[in-house]
Amino acid sequence: MEDRQRLEQMVNEINMYQGQLDVLKQQVESVNASIAELMSAEETLEAVKGKEGTETFVPVGAGSFLIAEIKNTDQVIMGLGAGAAAKKNIDEAKESISSQRKELEQLVDKMSGDIQKLTEFIMRKSPEAEALLQKVESEEAQRQ
């Protein structure tokens, strides 16, 4: 019975790590989407800098847009979180966005390292669990 208990413990451990791995992969996808959004914001700010009177599309929801003329390309209103916002000039805004993007890229690197460690653990433990399963099954077959 000791082998069966060890097998159950190994399977539970592998399943737990597999669950953590799945969650981490989803989080990486989410953070990568945020990075793409920040990159788009950086590119947009660079494209409109100093170009007053440029027309643009403003999203209003449900895939609908208004055509609007940009009157001031010297300042940007940036969300700070918790419903707060601040006015910044274009260069400050780009610097802030770049800083946020770099922090998120570092986070992705750390999470990718964690994903690799979890994957290696699972790959190392799975053959052990398979071997133990075969041993338990053969012992049970011999008893019958």
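Residues numbered from 1 in each chain as written. Predicted model: local features only at pLDDT ≥ 70, side-chain atom pairs only at ≥ 80, totals over all residues. Heavy atoms only, no water.

Looking at an unreviewed UniProt entry, the chain carries the name Prefoldin subunit alpha, with the source organism given as Methanobacterium veterum. Under the UniProt heading Function (unreviewed entry), the entry covering the chain gives this text: "Molecular chaperone capable of stabilizing a range of proteins. Seems to fulfill an ATP-independent, HSP70-like function in archaeal de novo protein folding." Looking at the chain in UniProt, the text filed under Subcellular location (unreviewed entry) is "Cytoplasm". (UniProt positions renumbered as here; feature names shortened; annotations may be inferred.)

A. Spotlight on the UniProt feature "coiled-coil region" (unreviewed entry) in the chain. Under the UniProt annotation, the feature "coiled-coil region" (unreviewed entry) is placed at residues 7-41 and 83-110. In the segment residues 7-41, helix accounts for 100% and strand for 0%; the C-alpha atoms at its two ends are 51 Å apart. The span residues 83-110 is 75% helix and 21% strand, and its two end C-alpha atoms sit 29 Å from each other. (Helix = DSSP H or I, 4+ residues; strand = E, 2+ residues; numbered from the N terminus.)

B. Broad picture of unusual backbone geometry. In this structure, A62 is a non-glycine residue whose phi angle is positive, near 55 degrees. Within the secondary structure, A62 sits in the loop between β1 (55-61) and β2 (64-69). A62 sits in the exposed class, given a relative accessible area of 85%. Despite not being glycine, A82 shows a phi value in the positive range, around 55 degrees. For A82, a relative accessible area of 89% translates into the label exposed. (Buried < 20%, exposed > 50% of the residue type's maximum accessible area, 1.4 Å probe, protein only.)

C. Structural context of the pattern of salt bridges. Inspection of the entire model under this criterion finds 9 salt bridges. The closest approach of N and O atoms between E140 and R4, which form a salt bridge, is 2.7 Å. Here E140 is found in helix α2 (residues 90-143), whereas its partner R4 is found in helix α1 (residues 2-48), with 136 residues between them in sequence. With relative accessibility at 28%, the residue E140 sits in the partly exposed group. Judged by its relative accessible area of 27%, R4 is partly exposed. The residue D91 makes a salt bridge to K49 at a minimum N-O spacing of 2.8 Å. Of this pair, D91 sits in helix α2 while K49 sits in the loop between α1 and β1, and the two are 42 residues apart along the sequence. For D91, a relative accessible area of 43% gives the class partly exposed. Owing to a relative accessible area of 36%, K49 belongs among the partly exposed residues under this scheme. Overlapping salt bridges bring together D3, R6 and K135 as one network. (Salt bridge = Lys/Arg side-chain N within 4 Å of Asp/Glu carboxyl O.)

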